[in-house]
Amino acid sequence: NKPVQVTLLLSCYQRCPIFKLGQVWQLQAKLRKPANLGNPGHFDYVSSLDVRHIHWTGYIKLKPLPPKRLEQRAHPERLLNLRHHLADSMAQLMPKGHALGILQALTLGITFNVDKQQWDLFRRTGTTHLMVISGSHIGLVAGLTYWLIKWLWSRASRLCLYWPAIQVASIVAFCMALAYALLAGFA
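Residues numbered from 1 in each chain as written. Predicted model: local features only at pLDDT ≥ 70, side-chain atom pairs only at ≥ 80, totals over all residues. Heavy atoms only, no water.

Participant: Looking at this model, I keep getting lost on the state of the cysteines. Mind explaining?
Facilitator: Covalent bonding between the sulfur atoms of two cysteines is what defines a disulfide. Evaluated as defined, the whole model comprises one disulfide. Disulfide pairing is shown between Cys 12 and Cys 16; the S-S distance is 2.3 Å. The sign of the S-S torsion, about -105°, decides the handedness of the disulfide formed by Cys 12 and Cys 16: left-handed. A relative accessible area of 24% places Cys 12 in the partly exposed class. With relative accessibility at 37%, the residue Cys 16 sits in the partly exposed group. Not part of a disulfide, Cys 160 finds its nearest cysteine sulfur in Cys 175, a span of 19 Å. (Disulfide = S-S within 2.5 Å. Buried < 20%, exposed > 50% of the residue type's maximum accessible area, 1.4 Å probe, protein only.)

Below, the structure is given as structure tokens:
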């Protein structure tokens, strides 16, 4: 019953509220320090949380008091605001449905609009990893950008006299890969 300001990882299992950037919520949670399994050669869960500055885990308790939204504030991080704005723009332009969740997952790394049936389908078909932004996605963006810029630049012979098409394409592809990783939240 005391206010705290920490970064923690909370889970919610049923009738979860939809949290958005900048909202302030009052809720009850069961917290604990994360612990590793005692198996030899196990995944170091505590270290993976430490990298993200998370030192507490837990779950939201819905009883006796349900979560209550208090206020809305502007979030100070510009990149998160940009991602949130782009996700809202996609939601306004596209009808609600499977395509919206998949497009947001592939472009911004935001997966909360992918419904449970879709996740079950991805699990059964072994394609869950495609919905997570990874090095292969970034490599694909960089490769396509490289090919397109090199092809366009080499069509203008005068430009090739000043800068070779390969160098320009490499620089632009690197910038596009960096921009895509930024939009995906470096997850």
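Now that the structure is up, let's keep going.
Participant: Explain the sheet that holds strand 1 (residues 9–11) to me, please; I cannot follow it from the model alone.
Facilitator: Here three strands make up an open sheet; going across it, the order is 1-4-3 and the pairing mixed. Strand pairing shows two members of the sheet lacking a second neighbour, strand 1 and strand 3 (28–32), which therefore form its edges. The sheet shows a mean angle of 30° between the axes of neighbouring strands, direction not considered. (Pairing = 2+ DSSP bridges. Helix = DSSP H or I, 4+ residues; strand = E, 2+ residues; numbered from the N terminus. Axes fitted to C-alpha atoms, helices over the stretch in contact; angles between N-to-C directions.)

Participant: Looking at this structure, how should I read the side chain of Thr 145?
Facilitator: Residue position: Thr 145 is located in helix 5 (residues 135–155). Classification of Thr 145 as buried rests on a relative accessible area of 13%. Apart from residues lying up to four places away in sequence, Thr 145 is in contact with Val 172, Ala 173 and Met 176. (Contact = heavy atoms within 4.5 Å.)

Participant: Would you mind showing me how to read helix 3 (residues 98–108) here?
Facilitator: Side chains three or four residues apart in an α-helix point the same way, a direct result of the helix having 3.6 residues per turn. Residues of helix 3 that are buried include every one of Leu 100, Gly 101, Gln 104, Ala 105 and Leu 108, and no others. Looking down the long axis of helix 3, one finds its buried residues gathered within 130° of arc, a one-sided arrangement. Where helix 3 is buried, its residues touch helix 2 (78–93) and helix 7 (165–183). Count one or two residues on from helix 3 and you reach Gly 109, which has phi positive near 75°. (Arc of directions from axis to C-beta.)

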